[in-house]
Amino acid sequence: MAVAVGRGFLIQPCSSSSSSFVCKYRHEPSLGITSTLWPAKMGTTRRCTSTVVRAQQRPTWLPGLDPPPYLDGTLAGDFGFDPLGLGEDPESLKWYVQAELVHARFAMAGVAGILFTDLLRVTGISKLPVWYEAGAVKFDFASTRTLFVETKRYMDFVSPGSQAKDGSFFGLEAALEGLEPGYPGGPLLNPLGLAKDIRNAHEWKLKEIKNGRLAMVAMLGIFVQASVTHVGPIDNLLEHLSNPWHKTIIQTLANSGS
């Protein structure tokens, strides 16, 4: 009879009639197994309990939680997080993967841009508007033609590799390579050649999506900070450093409500 206790724990009784039974302890970290045998009284039939502890096969967002079957760990950054079951449909899952990847890249670019321009503004190097007012200013380099690039990205998602055909992207198709949706690669978007074999570049994909998720959380914090304090992140940092014990998020939120 075997009794399972929690995830990955197995307690299984066994017996032995040999009088020379020896208590043993087994520990194999590489296999995630720990086994201990306890003998009964001398001169009687030996009874023991074997406890086997097997480590979880892969990390999940909540330790000990069984991930849903459709999140099998093959996707970059897959830690089994889908409490609403949005990815149950395979086609929807593909779309959500691309949507998260694009939002992550925009968030990383946005956080870097906000911090850099805010630093230039606060130090007086450039007379740039604070980031949440920058949308009211017309910049020469900004153009609605960038929507064309987004359209091409969507077309490549619908039909992978279609945008790498001759004549589909102003003669730049060979430079983009069209490796797979979300990872066009080539000398334009992968100038350092860090992931030439994108299908086997799981580590690079994992690093990108982790940094992207962190950037999305940072963007949320910057949004809330701007709504509460009405200044940029560098101004908030300088105010906090001027009086670290009394200029914190707790005092700021308390003062904003009064």
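Residues numbered from 1 in each chain as written. Predicted model: local features only at pLDDT ≥ 70, side-chain atom pairs only at ≥ 80, totals over all residues. Heavy atoms only, no water.

## Remarks on the overall build of the protein
Reasoning step 1: Helix and strand counts for the protein come out as 7 helices and 5 strands.
Reasoning step 2: Ordered by position from the N terminus, the helices and strands of the protein form the series β-β-β-β-β-α-α-α-α-α-α-α.
Reasoning step 3: Within the protein, contacts between residues at least 6 apart in sequence are counted, and of these 42% link residues at least 24 apart.
Reasoning step 4: In the structure as shown, the protein presents an accessible area of about 18000 Å², 64% of it carried by carbon and sulfur atoms. (Helix = DSSP H or I, 4+ residues; strand = E, 2+ residues; numbered from the N terminus. Contact = heavy atoms within 4.5 Å. Areas by Shrake-Rupley, 256 points an atom, 1.4 Å probe, with all protein chains shown as cover.)

## Notes on helix 1 (residues 90-123)
Reasoning step 1: Here helix 1 contains 34 residues, and its C-alpha end-to-end distance of 50 Å stays within 8% of the 50 Å for a straight helix at 1.5 Å per residue.
Reasoning step 2: Looking only at helix 1, the buried set comprises Leu93, Gln98, Leu101, Val102, Ala104, Ala107, Val111, Ile114, Asp118 and Leu120.
Reasoning step 3: Residue Gly124 follows helix 1 closely and has a positive phi angle near 80°. (Expected span 1.5 Å × (residues − 1). Buried < 20%, exposed > 50% of the residue type's maximum accessible area, 1.4 Å probe, protein only.)

## Quick word on the pattern of salt bridges
A side chain with one charge may pair with a side chain of the opposite charge, provided their charged atoms come close.
Reasoning step 1: The tally for this structure, following the rule as stated, stands at 7 salt bridges.
Reasoning step 2: With its nearest N and O atoms 2.8 Å apart, the salt bridge here joins Glu100 to Arg213. In this pair, Glu100 sits in helix 1 while Arg213 sits in helix 5 (residues 202-229), placing the two residues 113 residues apart along the sequence.
Reasoning step 3: Its relative accessible area of 26% is what places Arg213 among the partly exposed residues. (Salt bridge = Lys/Arg side-chain N within 4 Å of Asp/Glu carboxyl O.)

## Details of unusual backbone geometry
With the exception of glycine, most residues fall at negative phi, and the peptide bonds are largely trans.
Reasoning step 1: Positive phi, close to 60°, is recorded for His230, a residue that is not glycine.
Reasoning step 2: On the secondary structure map, His230 appears in the loop between helix 5 and helix 6 (233-242).

## Overview of helix 6
Reasoning step 1: Of all the residues in helix 6, the buried ones are Pro233, Ile234 and Asn236. With its buried residues spanning 160° around the axis, helix 6 presents them on a single face.
Reasoning step 2: Buried residues belonging to helix 6 abut helix 1 and helix 5. (Arc of directions from axis to C-beta.)

## Focus on a nonpolar patch on the surface
Reasoning step 1: On the surface, a cluster of nonpolar side chains totalling about 730 Å² of accessible area is made up of Leu84, Leu86, Trp95, Tyr96, Tyr154, Met155 and Val158.
Reasoning step 2: Contributing elements (two or more residues each) for the nonpolar patch: helix 1 and helix 2 (146-158).
Reasoning step 3: Locating Leu86 in the fold gives a position in the loop between strand 5 (46-53) and helix 1.
Reasoning step 4: Looking at Leu86, the relative accessible area reads 43%, which means it is partly exposed. (Patch = residues over 30% accessible without salt bridge, like charges linked within 9 Å, V, L, I, M, F, W, Y side chains within 5 Å.)

## Some words on the confidence of the model for the protein
Segments scoring low in pLDDT should not have their predicted coordinates read at a detailed level.
Reasoning step 1: Summary statistics for the protein give a mean pLDDT of 76 and a share of 66% for residues scoring 70 or more.
Reasoning step 2: Considering only residues more than four positions removed or in separate chains, one finds that residues 1-38, a stretch of pLDDT under 50, has 82 contacts. (pLDDT = per-residue confidence, 0-100.)

## Section: the packing of aromatic side chains
Reasoning step 1: All told, the structure shown has 3 aromatic pairs when counted by the stated rule.
Reasoning step 2: Here Trp131 and Tyr132 contribute two aromatic rings whose centre-to-centre distance is 5.7 Å and whose plane-to-plane angle is 85°, an arrangement assigned as edge-to-face.
Reasoning step 3: On the basis of relative accessibility, which here comes to 34%, the residue Tyr132 falls in the partly exposed class.
Reasoning step 4: Put simply, the rings of Trp131, Tyr132 and Phe223 pair up and form one aromatic cluster.
Reasoning step 5: The ring of Trp204 is capped by Lys207, whose NZ or CZ atom sits 4.9 Å from the centre of that ring. (Phe/Tyr/Trp six-rings, centres within 6.5 Å; stacked < 30°, edge-to-face > 60°. Lys NZ or Arg CZ within 6 Å of the ring centre and 35° of its normal.)

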